[in-house]
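What the coordinates show
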Amino acid sequence: MDQFFQTLRKIQKKERNNGTLARVEDTFYQDIHKYLNNLKKSAGADPFSKEYNLIKDTQRVATEICERREHKITDAAVINIHRSYHLFTGKPKFDLVDTTPLNLTPEEEKFYFSLIDKLKEHRSNISLDKLTEDKSKDVPETNVKAPSDSVRVVSEVEKPKDDVLTHLEEISKAEIIKDEKVEPIEKQVQEAKNQQLKNQFSNPISKPKEKVPRADEDVYDLINQEEEFADLESIKTAKESELVTLLVFDNINSIIGVDEKIYGPFYPQDIVIMPKINANIFVKNKKGRIVKA
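These lines cover the structure that appears in this document, whether it is placed above or below. Since this is a predicted model, take the numbers as computed values, not measurements. (Residues numbered from 1 in each chain as written. Predicted model: local features only at pLDDT ≥ 70, side-chain atom pairs only at ≥ 80, totals over all residues. Heavy atoms only, no water.)

It is worth spelling out the overall build of the protein at this point. Within the protein, the regular secondary structure consists of 10 helices and seven strands. Here the protein holds 293 residues, and the buried ones make up 21% of them. (Helix = DSSP H or I, 4+ residues; strand = E, 2+ residues; numbered from the N terminus. Buried < 20%, exposed > 50% of the residue type's maximum accessible area, 1.4 Å probe, protein only.)

On to the environment of Gly-288, then. Its location among the elements puts Gly-288 in strand β7 (residues 288-291). Through-space distance from the C-alpha of Gly-288 to that of Asp-250 is 7.6 Å; in sequence the pair is 38 residues apart.

Most of strand β3 (residues 243-248) sits out of view: five of its six residues are buried. The pairing of β3 with strand β6 (residues 271-275) spans five bridges and is antiparallel. Residue Leu-247 lies in a different strand from β6, and its bridge partner there is Ile-271. (Pairing = 2+ DSSP bridges.)

Bringing the packing of helix α1 (residues 3-17) against helix α3 (residues 50-84) into the picture now. Interaxial distance between α1 and α3 falls to 10 Å at its minimum, and their mutual angle equals 35 degrees. Seen along the crossing, α1 lies across α3 with a hand that is left-handed. The segment α1 lies against α3, with Phe-5, Leu-8, Arg-9, Ile-11, Gln-12, Lys-14, Glu-15 and Arg-16 engaging Leu-54, Asp-57, Thr-58, Val-61, Glu-64, Ile-65, Arg-68, Arg-69 and Lys-72. (Axes fitted to C-alpha atoms, helices over the stretch in contact; angles between N-to-C directions. Left-handed = near helix turned anticlockwise from the far one by under 90°. Contact = heavy atoms within 4.5 Å.)

To continue, consider helix α4 (residues 106-125). Given a rise of 1.5 Å per residue, 20 residues ought to cover 28 Å, and the 29 Å separating the end C-alpha atoms of α4 matches this to within 8%. Buried residues of α4: Glu-108, Tyr-112, Ile-116 and Arg-123, and no others. Within α4, the buried residues cover an arc of 85 degrees as seen down the axis, which keeps them to one side. In α4, those exposed residues whose orientation departs by more than 90 degrees from the buried face are Lys-110 and Lys-118. (Expected span 1.5 Å × (residues − 1). Arc of directions from axis to C-beta.)

A separate point is the nonpolar core. Membership of the largest hydrophobic core comes to 17 residues, with the highest contact counts inside it found for Leu-8, Ile-11, Phe-28, Ile-32 and Ile-65. Listed by contribution, the elements that provide at least two residues to this core are α1, α2 (28-43) and α3. For this core, the element with the most residues is α2, which contributes seven residues. With sequence-adjacent residues up to four places away left out, Ile-11 is seen in contact with Ala-22, Val-24, Phe-28 and Ile-65. (Core = buried A, V, L, I, M, F, W, Y, C linked by side-chain atoms within 4.5 Å.)

What follows covers the pattern of salt bridges. Scanning the entire structure with this criterion turns up seven salt bridges. Salt-bridge contacts for Lys-72 lead to Glu-15; the nearest nitrogen and oxygen are separated by 2.8 Å. Taken as a pair, Lys-72 in helix α3 and Glu-15 in helix α1 lie far apart in primary sequence, 57 residues in all. In this pair, the class of Lys-72 matches that of Glu-15, namely buried. A salt bridge links Glu-64 to Arg-68, with the shortest nitrogen-to-oxygen separation between them at 3.1 Å. Remark: Arg-68 and Glu-64 occur in helix α3; sequence separation between them is four residues, near one turn of the helix. Here Glu-64 falls in the buried class, since its relative accessible area comes to 17%. Residue Arg-68 is classed as partly exposed on the basis of its relative accessible area, which comes to 33%. A single salt-bridge network, built from bridges that share partners, covers Glu-15, Arg-69, Lys-72 and Glu-108. (Salt bridge = Lys/Arg side-chain N within 4 Å of Asp/Glu carboxyl O.)

Below, the structure written as structure tokens:
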């Protein structure tokens, strides 16, 4: 196996087992890219070559090393800020303890101090002094200007007129009717009666024609026309007890009719006399047909 790949595996093992950064060269990341480029040139376009498999393994190991080192660097920056920047203990104070992680590459060192700067800025933004200063800036200055001569001062607020007041105002402005002719109340009543009699004779009320129901007409139509004199219960009973002749199409077990009588069992081509309500159920389910006697 290639010597550089063996070195990567050793660094991977140290990063897994230790909480601190493993020692690497300052050109560690440049060396990884250079090594991968050489492998790609050797592998060419052959996906089954030894170098092609080595490329995949190198990418996997190098990615794990990089991610583990990023976690350690980030944790170290956060811990150092927690130790150095005091919050909510009087006036904030920043005393950065020199605990920079060892074995940083130049790229990782730049990354570490950028995290420190961002965390310092964040803690400064949430300090009491910063929040008080920002709040005072948000309060707008109020300049009260004296009204100029061109401004009209309204001394009285105009209110909408009430409907009652408006109506009273209209009544007060109405003209008084003069020379009105007043007739006695008895004469006015007599004239109204005469007019009513005249209307009755000029428009005689025609007597409504009685409607003769058809044999198949629903009995409830008569109820709507003469509902003042209809006995609903007797009409309903008559409707339910009306008998019809039914031709049966299928085998059906015995049933109890609306008249509480037992009908059946039924067989095809049976002709049965039963209440119309029960016969309609046969017809609706296509089990029979009403025939005329």
